[in-house]
Amino acid sequence: MNGPRITAAWFALVAGLTGAIFTTLDPGEIEFRTTIRVTALTSAIPFLLAFTAAALQRLAPSPLSRWALTNRRYLGLSVAGSHLIHLIAIIGLVETAMNATPISPVTKVFGGAGFVLLGLMAATSNDFAVQAMGKAWQWLHLLGVWV
């Protein structure tokens, strides 16, 4: 599987998993917390493949490393799709669990910055943006993957 199909299939998988979590009669805090954990994992898998693709191809070329390097954009968009559900679950948890532990200001700032950067990277993951932004595109994506 290559290209946009990767992103579509990954998003369908994540949506299916999180949909299954919410099939309980009275979904609440536990379901939101479970969804947050599941989407953290389903974001980590394509992120690690995209993040390590170039290094893996240089150090240990293989069909997997070539595939990951070729499809890095779509792996990144898969992260963004999974993290969109992650963000929705965080908002749902905050709305549902009023007595939950408050979110620290540091988490709000850095977590918020991470979501903003991820959104900007997803919005600029196309050939037009790469051409139009030039070096700024490279800086945005370099900063974004490290945040």
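On a predicted model such as this, the values are computed, not experimentally measured, just so you know. (Residues numbered from 1 in each chain as written. Predicted model: local features only at pLDDT ≥ 70, side-chain atom pairs only at ≥ 80, totals over all residues. Heavy atoms only, no water.)

A. The arrangement of a nonpolar patch on the surface in detail. On the surface, F51, W139, L142 and W146 cluster together into a nonpolar patch covering about 510 Å² of accessible area. For the nonpolar patch, the element with the highest residue contribution is helix 7 (residues 135-146), accounting for 3 residues. Turning to its location among the elements, F51 is positioned in helix 2 (residues 29-59). (Patch = residues over 30% accessible without salt bridge, like charges linked within 9 Å, V, L, I, M, F, W, Y side chains within 5 Å. Areas by Shrake-Rupley, 256 points an atom, 1.4 Å probe, with all protein chains shown as cover. Salt bridge = Lys/Arg side-chain N within 4 Å of Asp/Glu carboxyl O. Helix = DSSP H or I, 4+ residues; strand = E, 2+ residues; numbered from the N terminus.)

B. Quick look at the packing of helix 5 (residues 105-123) against helix 7. Two elements in contact, helix 5 and helix 7, have axes whose closest approach is 9 Å; the angle formed by their N-to-C orientations is 140°. The orientation of helix 5 relative to helix 7 falls into the category oblique. Handedness of the helix 5/helix 7 crossing: left-handed. Here L117, L120 and M121 of helix 5 come into contact with helix 7, specifically with L140, H141, L143, G144 and V145. Of the residues in the contact of helix 5 with helix 7, the class split is 6 nonpolar, 2 polar and no charged. (Axes fitted to C-alpha atoms, helices over the stretch in contact; angles between N-to-C directions. Parallel < 35°, antiparallel > 145°, perpendicular 65-115°, else oblique. Left-handed = near helix turned anticlockwise from the far one by under 90°. Contact = heavy atoms within 4.5 Å. Nonpolar A, V, L, I, M, F, W, Y, C, P; charged D, E, K, R; others polar.)

C. Representation of the nonpolar core. V79, A80, L117, L118, M121 and L140 form the largest nonpolar core, which has 6 residues in total. When contributions to this core are tallied by element, the ones reaching two or more residues are helix 4 (72-96) and helix 5. The element contributing the most residues to this core is helix 5, with 3 residues. Ignoring any residue separated from it by four or fewer positions in sequence, one finds L117 in contact with L140, L143, G144 and V147. (Core = buried A, V, L, I, M, F, W, Y, C linked by side-chain atoms within 4.5 Å. Buried < 20%, exposed > 50% of the residue type's maximum accessible area, 1.4 Å probe, protein only.)

D. Representation of the pattern of salt bridges within the structure. All told, the structure shown has 2 salt bridges when counted by the stated rule. Among the salt bridges present, the one from R33 reaches E29, with a minimum N-O distance of 2.9 Å. One end of the pair, R33, and the other, E29, are both in helix 2, 4 residues apart, so they sit about a helical turn from each other.

E. Just the packing of aromatic side chains, in detail. For the structure shown, the criterion picks out 3 aromatic pairs. When the ring of F22 is compared with that of F32, the centres are 5.1 Å apart and the planes differ by 65°; the resulting orientation is edge-to-face. Of the two residues, F22 is situated in the loop between helix 1 (4-21) and helix 2 and F32 in helix 2; the sequence distance between them amounts to 10 residues. We classify F22 as partly exposed; its relative accessible area is 27%. The buried category is assigned to F32, whose relative accessible area is 16%. Between the aromatic rings of F51 and W146, the centroid separation amounts to 5.1 Å while the plane-to-plane angle is 80°, which identifies the pairing as edge-to-face. Placement of the pair is F51 in helix 2 and W146 in helix 7, with a sequence separation of 95 residues. Relative accessible area serves as the criterion here: at 34%, F51 is assigned to the partly exposed category. Members of the aromatic cluster, connected to one another through ring pairs, are F47, F51 and W146. (Phe/Tyr/Trp six-rings, centres within 6.5 Å; stacked < 30°, edge-to-face > 60°.)

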